[in-house]
Amino acid sequence: WGQTLAVFSSLGIGWPQPISLVFFTQEVIFNAGSNVVSLDCIFNHMGVALDESGEALPRAMVKVMFWLSLPIAVVSGSALFWMFVSWRRVRKIAKYNWDYDYYCDMGLLSVVKRGTVEAHDVKAILLCLGLNHHDVRVEEVIRVAGLKNKGIRYEKFQQQLIKATKSIYRGQAILTIVVLLFIVYPTVVTETLTLFKCVPLDTDALYLEIDLDFQCFTDKHILWIVFLGLPALFFYAVGIPAIAMNTLRRHRKELHKSNIRNRYNFLYDGYRNHCYWWEGVVLLR
């Protein structure tokens, strides 16, 4: 939807005012980060960064380094956050009262009498424990505990519930990382490519378009390209779509399963089953 609007808004046609307003609103939303925060303003306030030799780093390079560090921050921050949430939830589950008499009082007398937990008992148990008993969680507990075809001993259910909880929050972490990387990917790639975009001035030399004080293809510029620009293009511009497509390819026969949908549905939702990889092509484009 956003890409379609961007294409039509760039055609230069005299659109009616309501449609122009839609285009303007879409542009503001999709560029919210740059509209709210100005890196130039931040760097001006912080002062000049220095390299190891004590020379001032070009402002353009500092901006590029900031954007290239963003995916690392997204991955590590998301992973740490959901690890902490998972740890707290598992710790809470481990402290629950798993006494049989307690669950008899909670209306699970049939489970206690059988001595086994079956698939249709999971939602009631989660409800008694005060846990989220949404269908997604119930399905994951049933899948991890292997309750689709047979029950398990009640004593083992606590361990399986903890295992399922870890799996659920692992999926949440993956989904968060996928969505955030999808959001920052265009900006990261665009900022990386600015290292290669040079323009001629009145002299014969070429200068970096984003920093006209920085001459292109000098020893310093080549170092930035070799050690920053090219690795960033490989790991980010090509690597992120490649990892996404490879992950979907490995799970192509399991895309209908709930645990896979909860993690990667953002990448293939809306496409036909045999076109699950198309989002990777869109990113590379």
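As the structure is a computational prediction, the values presented were derived from the model and not from experiment. (Residues numbered from 1 in each chain as written. Predicted model: local features only at pLDDT ≥ 70, side-chain atom pairs only at ≥ 80, totals over all residues. Heavy atoms only, no water.)

Draft legend 1. Structural view of the overall build of the protein. For the protein, the count of helices and strands is 13 helices and 5 strands. Classification of the 285 residues of the protein by burial places 36% in the buried group. Pairs at least 24 apart in sequence give 58% of the contacts found in the protein among residues at least 6 apart. As presented, the protein carries roughly 17900 Å² of accessible surface, and 61% of it is formed by carbon and sulfur atoms. (Helix = DSSP H or I, 4+ residues; strand = E, 2+ residues; numbered from the N terminus. Buried < 20%, exposed > 50% of the residue type's maximum accessible area, 1.4 Å probe, protein only. Contact = heavy atoms within 4.5 Å. Areas by Shrake-Rupley, 256 points an atom, 1.4 Å probe, with all protein chains shown as cover.)

Draft legend 2. Geometry of the environment of isoleucine 225. Tracing the sequence through the fold places isoleucine 225 in helix α11 (residues 219-250). The class for isoleucine 225 is buried, based on a relative accessible area of 12%. Counting along the chain gives 32 residues from isoleucine 225 to leucine 193, while the straight-line C-alpha distance between them is 9.9 Å. Those residues in contact with isoleucine 225 that sit more than four places away from it in its chain are Leu195, Phe196, Leu230 and Pro231.

Draft legend 3. View of the layout of surface pockets. Within this model, the second largest pocket holds a volume of roughly 410 Å³. Taken together, 19 residues form the lining of the second largest pocket, with Ile177, Val178, Leu181, Ile240 and Ile243 sitting closest to its centre. Mapped by element, the contributors of at least two residues to the lining of the second largest pocket are α5 (59-94), α10 (154-193), α11 and α12 (258-268). With 7 residues, the top contributor of residues to the lining of the second largest pocket is α11. Here the lining of the second largest pocket is built from residues that sort into 17 nonpolar, 2 polar and no charged. (1 Å grid on protein atoms, 1.4 Å probe; cavity = no way out; pocket = protein on both sides within 12 Å on 5 of 7 lines; lining within 4 Å. Points joined across faces, edges and corners; volume = space filled by probe spheres on them. Nonpolar A, V, L, I, M, F, W, Y, C, P; charged D, E, K, R; others polar.)

Draft legend 4. Looking closely at helix α9 (residues 135-145). Every buried residue of α9 is accounted for by Arg137, Val138, Glu140, Val141, Ile142, Val144 and Ala145. Each element contacted by the buried residues of α9 is listed here: α8 (122-129), β2 (152-153), α10 and α12. Once α9 finishes, glycine 146 follows within two positions and takes phi at roughly 70 degrees, a positive value.

Draft legend 5. Up close: the UniProt feature "transmembrane region" (unreviewed entry) in the protein. Under the present numbering, the feature "transmembrane region" (unreviewed entry) in UniProt falls on residues 64-85, 168-188 and 222-244. Regarding residues 168-188, the helix share stands at 100% and the strand share at 0%, and the terminal C-alpha atoms are separated by 29 Å. The distance separating the terminal C-alpha atoms of residues 222-244 is 30 Å; by composition the span is 100% helix and 0% strand. (UniProt positions renumbered as here; feature names shortened; annotations may be inferred.)

Draft legend 6. Main features of α5. Relative to the 52 Å expected for 36 residues at 1.5 Å per residue, α5 spans 52 Å between its end C-alpha atoms, a close match to the ideal helical length. Of all the bends found along α5, the most pronounced is centred on leucine 70 and spans about 25 degrees, while proline 71, a proline, follows it within four residues. (Expected span 1.5 Å × (residues − 1). Bend = angle between axes of the 7 residues up to and from the residue.)

Draft legend 7. How the structure looks around the pairing of strand β5 (residues 211-215). Note that strand β4 (residues 206-208) and β5 share 2 bridges and pair antiparallel. In the strand pairing of β5, tyrosine 207 is matched with glutamine 215. Between β4 and β5, which pair antiparallel and follow one another directly, the connecting turn spans 2 residues. (Pairing = 2+ DSSP bridges.)

Draft legend 8. Inspection of the side chain of glutamate 191 at higher detail. Along the chain, glutamate 191 turns up in helix α10. Among all residues touching glutamate 191, those that are not within four sequence positions of it are Val64 and Trp67.

Draft legend 9. Molecular detail of the packing of aromatic side chains. Taken as a whole and assessed by the stated rule, the structure comprises 5 aromatic pairs. A ring pair is formed by phenylalanine 66 and tryptophan 67, whose centres lie 5.4 Å apart and whose planes are at 75 degrees; its orientation type is edge-to-face. For tryptophan 67, a relative accessible area of 19% corresponds to the buried category. On the numbers, 5.0 Å between centres and 80 degrees between planes, the contact of phenylalanine 81 with tryptophan 82 is edge-to-face. You can call phenylalanine 81 partly exposed: its relative accessible area is 46%. (Phe/Tyr/Trp six-rings, centres within 6.5 Å; stacked < 30°, edge-to-face > 60°.)

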